[in-house]
Amino acid sequence: MNGAASFSLVTALCSAALCIMTPVGGSLMDLIGTKKVVLYFGVMVCVCAVLLAFTSNLFLYILLRVCVSGAQGAFASVPFIIVRKLFAPEKLPTYTGYLSGALAAGSFIGSWLAGWLLDHSMVGLASCFPAIFLTVGIFLILKFGPEDVLNRSKKIDILGVILLAITLLSLVFGLNYGPIKGWTSPMVLICLAGLVIGLIVLIWWEGKTPNPLIPLKLFHNKAYVLLIVVSGLLVVFESDSNNLTIILYY
């Protein structure tokens, strides 16, 4: 496929898609329920994962990979939402810890199995085998997951989604092409301007609309803001720690 030069771009686009679709998924859960969100976007992930195994076109690969990340973002919070519905508040720390342990174990097993398949030149199978596990997970959630109390009056903040996408994509393309084309190149300057303007308009709109994608009142809670900051710092640390294995190649 000769797409090594596109690695950073694909990674950035996938991260942006994940960030965009996570709040969208939350809004959809209020509107149609957790189970339907898992079903619709879970099937989307499975189909795209299988198609990834058969594509040799770089553009199509990037498109499918971004779709996978976006769809994953739509139901990424489901395990934690279900734990909150199943257990009393005083038991949440314990059971959330168990859940985090299970997620870490699954990440290890999936990474190991994918690596083993790649080592044995089974690239196509490495791309699509996760769909098997996801299909089982979708079935179990549909079968045994708790029912939701729906908010039929809630509406999707379409303009909020568009503004969030503009802001994040401007950030992604600016950071990706800044070191390549130069930070003063017209393309990068346009991206940085889009980032600033998009963020300002997004904040203005979210404070005005009755059904915001990202309710700004959440940021009035200092404890919640601290939680977001700490979570972000931990993710940065974990991501950088995982990348330290690259040292083995030097």
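So, here's what we can say about the structure. This is a predicted model, so every value here is computed, not measured.

Looking now at a nonpolar patch on the surface. A cluster of nonpolar side chains, namely L39, Y40, V43, V47, L51 and L142, defines an oily patch on the protein surface of about 480 Å² accessible area. Top contributing element to the nonpolar patch by residue count: helix 2 (residues 34-52), with five residues. Residue placement: V43 occurs in helix 2. For V43, a relative accessible area of 40% gives the class partly exposed.

This part is about the side chain of D157. Note on placement: D157 falls in the loop between helix 7 (130-144) and helix 8 (158-181). Within the structure, D157 has its side chain in polar contact with the backbone nitrogen of G160 (distance 3.0 Å). Leaving out residues up to four positions away in the same chain, D157 has contacts with W205, E206, T209, N211, P212 and L213.

Here the focus is the layout of surface pockets. Counted as a void, the second largest pocket has a volume near 260 Å³. Contributing to the lining of the second largest pocket are S8, T11, A12, S15, A16, C19, L168, L171, V172, L175 and N176. Secondary-structure elements contributing two or more residues to the lining of the second largest pocket are helix 1 (7-32) and helix 8.

Tallied over the entire structure, the rule returns six aromatic pairs. Measuring from centroid to centroid gives 6.3 Å for F219 and Y224, while their planes differ by 70°, and the two rings are edge-to-face.

Within the largest apolar cluster, 39 residues are counted, with the highest numbers of intra-cluster contacts made by I20, V24, V37, F41, F75, V78 and L164. For this core, the elements supplying multiple residues, two or more each, are helix 1, helix 2, helix 3 (58-74), helix 4 (78-86), helix 7, helix 8 and helix 9 (186-208). A per-element tally of this core places helix 1 first, with 11 residues. When neighbours within four sequence positions are excluded, V37 is seen to be in contact with G25, L28, M29, I32, G42, A74 and F75.

Quick look at the packing of helix 2 against helix 3 now. Two elements in contact, helix 2 and helix 3, have axes whose closest approach is 9 Å; the angle formed by their N-to-C orientations is 155°. Here helix 2 lies roughly antiparallel to helix 3, going by the angle between them. Read as a crossing pair, helix 2 and helix 3 show a hand that is left-handed. Mapping the contact onto sequence places V37, F41, M44, V45, C48, A49, L51 and L52 in helix 2 and Y61, L64, R65, C67, V68, A71, Q72 and A74 in helix 3. When the residues that make up the contact of helix 2 with helix 3 are grouped by side-chain class, the tally is 14 nonpolar, one polar and one charged.

Moving on, we come to the pattern of salt bridges. Enumeration over the complete set of coordinates arrives at two salt bridges. The closest approach of N and O atoms between E147 and K35, which form a salt bridge, is 2.7 Å. Of this pair, E147 sits in the loop between helix 7 and helix 8 while K35 is found in helix 2, placing the two residues 112 residues apart along the sequence. Overall, the relative accessible area of 16% leaves K35 in the buried class. Between K85 and D148 there is a salt bridge, with the nearest N and O atoms lying 2.0 Å from each other. Within this pair, whereas K85 is found in helix 4, its partner D148 is found in the loop between helix 7 and helix 8, the two being separated by 63 residues in sequence. The class of K85 is partly exposed, set by a relative accessible area of 37%.

Basis of the calculations
Residues numbered from 1 in each chain as written. Predicted model: local features only at pLDDT ≥ 70, side-chain atom pairs only at ≥ 80, totals over all residues. Heavy atoms only, no water. Patch = residues over 30% accessible without salt bridge, like charges linked within 9 Å, V, L, I, M, F, W, Y side chains within 5 Å. Areas by Shrake-Rupley, 256 points an atom, 1.4 Å probe, with all protein chains shown as cover. Salt bridge = Lys/Arg side-chain N within 4 Å of Asp/Glu carboxyl O. Helix = DSSP H or I, 4+ residues; strand = E, 2+ residues; numbered from the N terminus. Buried < 20%, exposed > 50% of the residue type's maximum accessible area, 1.4 Å probe, protein only. Polar contact = N/O pair within 3.5 Å; in protein donor to acceptor, adjacent residues only side chain to side chain. Contact = heavy atoms within 4.5 Å. 1 Å grid on protein atoms, 1.4 Å probe; cavity = no way out; pocket = protein on both sides within 12 Å on 5 of 7 lines; lining within 4 Å. Points joined across faces, edges and corners; volume = space filled by probe spheres on them. Phe/Tyr/Trp six-rings, centres within 6.5 Å; stacked < 30°, edge-to-face > 60°. Core = buried A, V, L, I, M, F, W, Y, C linked by side-chain atoms within 4.5 Å. Axes fitted to C-alpha atoms, helices over the stretch in contact; angles between N-to-C directions. Parallel < 35°, antiparallel > 145°, perpendicular 65-115°, else oblique. Left-handed = near helix turned anticlockwise from the far one by under 90°. Nonpolar A, V, L, I, M, F, W, Y, C, P; charged D, E, K, R; others polar.

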